[in-house]
Amino acid sequence: MRILNSAQMREADRRTIEEIGIPSIVLMENAGRQVVAAMEAIFDDLASLHVAVLCGRGNNGGDGFVVARTLAHHGVSVSTFLVGAADDVTGDARVNLDVLLRLGHPVVEIRDAAAWELHGSEVRRADVLVDALFGTGLRAPLSGLFETIVADINASDLVVVAIDLPSGLSADTPEPIGPCIDATLTVTLGAPKLPLVLPPGEAHCGDIVIADIGLPDAVIESVDGPHIELLTRPAMRA
């Protein structure tokens, strides 16, 4: 199973969308639904738990909006938080934010430290937190409000499910580039990334589920760049 860095992941997404013809909104829908499927497989009592979904303004946050909608549709109690302003959310993430709102599910905006001071306790009272702040696109260490949020989450006893990568890790190196969320479970999308499978980054990722979101194997195998392979049980049996 091939391990991809951030540039390779972007290229695999691009080829899937532009050359294969699978719309990006479909990939986002697949991602969110696969995260929920992983949660339902791991948490036997998910229907009795309260889940907080903490979203960023980009595509990782868009995946989070799909997760929130799907959990609610499955009868799970869920609260959704956006770190930033809804007006700044664009593209496919905006589509899924609008769908969530039209279905009557409120999204609490956390625009600054004062708002986090107000709503952070609500997040920490949840049974499970879905980390949908940052995915593979992060290139700089988290700072400011995001650094505070990560510290507060790590200081709590929350069970954390990270989408793609725990926020704060970079897909390009196993070394943490700054503060990052300590996840209980990471559902990574399409292919594994370096910090999920190599120390010291793997210590922050918890259990790993590799979710099939619709990227063809041929696309993943054909992208240029380093070819790093994760040995799996089926491969070793052969």
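Coordinates for the structure precede this section.
Residues numbered from 1 in each chain as written. Predicted model: local features only at pLDDT ≥ 70, side-chain atom pairs only at ≥ 80, totals over all residues. Heavy atoms only, no water.

Peer 1: Before we go on, may I ask you to explain the pattern of salt bridges in this structure?
Peer 2: Pairs can form between side chains of opposite charge once their charged atoms are near each other. A full pass over the atoms with the stated rule returns 11 salt bridges. In this structure, the salt-bridge partner of Glu19 is Arg14, at a minimum N-O distance of 3.4 Å. Exposure remark for Glu19: the relative accessible area of 54% places this residue in the exposed category. For Glu29, the salt bridge is made with Arg33, and the minimal N-O distance between the two is 2.7 Å. Of this pair, Glu29 and Arg33 are both found in helix H2 (residues 24-42), 4 residues apart, which corresponds to roughly one turn of the helix. We classify Arg33 as partly exposed; its relative accessible area is 40%. Among the charged side chains, a salt-bridge network with shared partners connects Glu11, Arg14, Arg15, Glu18 and Glu19. (Salt bridge = Lys/Arg side-chain N within 4 Å of Asp/Glu carboxyl O. Buried < 20%, exposed > 50% of the residue type's maximum accessible area, 1.4 Å probe, protein only. Helix = DSSP H or I, 4+ residues; strand = E, 2+ residues; numbered from the N terminus.)

Peer 1: For this particular structure, what's the right way to read the nonpolar core?
Peer 2: Note that soluble globular proteins tend to have their nonpolar side chains buried in a common cluster. With 42 residues, the main nonpolar core has Met39, Leu46, Val51, Phe65, Val67, Leu71 and Val161 as its most contacted residues. Considering every element that reaches this core, the biggest residue donor is H2, with 6 residues. Apart from residues no more than four positions distant in its own chain, Val161 is found in contact with Val35, Met39, Phe43, Val128, Leu129, Val130, Asp131, Leu185 and Val187. Listed in part, the 23 residues of the second largest apolar core include Ala115, Ala126, Val150 and Leu158. (Core = buried A, V, L, I, M, F, W, Y, C linked by side-chain atoms within 4.5 Å. Contact = heavy atoms within 4.5 Å.)

Peer 1: What exactly am I supposed to notice about the pairing of strand S4 (residues 107-110) here?
Peer 2: Every regular strand shows the same layout, with side chains that alternate between the two sheet faces. Across 4 bridges, the pairing between strand S3 (residues 77-83) and S4 is parallel. Note on S4: the bridge partner recorded for Phe81 is Val108. Viewed along the sheet, the connection from S3 through helix H4 (residues 91-102) into S4 turns out right-handed. (Pairing = 2+ DSSP bridges. Right-handed = clockwise from strand over helix to strand, strands pointing away.)

Peer 1: Even after reading the chapter, I still don't get the sheet that holds strand S2 (residues 50-55), so can you show me in this structure?
Peer 2: By way of backbone hydrogen bonds, the strands of a sheet pair with one another, either parallel or antiparallel. Across the sheet, 7 strands lie side by side as S4-S3-S2-S5-S6-S7-S8; this open sheet has parallel pairing. In the strand order of this sheet, the two ends are held by S4 and strand S8 (207-211), each with one partner. With strand direction ignored, the average angle separating the axes of adjacent strands in the sheet is 20°. Where strand S7 (residues 185-189) meets S8, 5 bridges bridge the pair, whose relative direction is parallel. Following the sheet pairing, Thr188 is matched in S8 by Ile210. Packing of H2 onto the sheet brings it into contact with S2, strand S5 (128-132), strand S6 (159-163), S7 and S8, and relative to S7 it is tilted by some 150°. (Axes fitted to C-alpha atoms, helices over the stretch in contact; angles between N-to-C directions.)

Peer 1: What exactly am I supposed to notice about helix H5 (residues 113-124) here?
Peer 2: The α-helix winds at 3.6 residues per turn, so residues separated by three or four positions along the chain end up facing the same way. Spanning 12 residues, H5 covers 15 Å between terminal C-alpha atoms, matching the ideal 16 Å at 1.5 Å per step. The complete set of buried residues in H5 reads Ala115, Trp116, His119, Gly120 and Val123. Buried residues of H5, seen end-on, are gathered within an arc of 135° and therefore sit on one face of the element. Exposed and oriented more than 90 degrees from the buried face of H5 are Ala114, Glu117 and Leu118. Elements that come into contact with the buried residues of H5 comprise S2, S3, S4, S5 and helix H6 (144-155). (Expected span 1.5 Å × (residues − 1). Arc of directions from axis to C-beta.)

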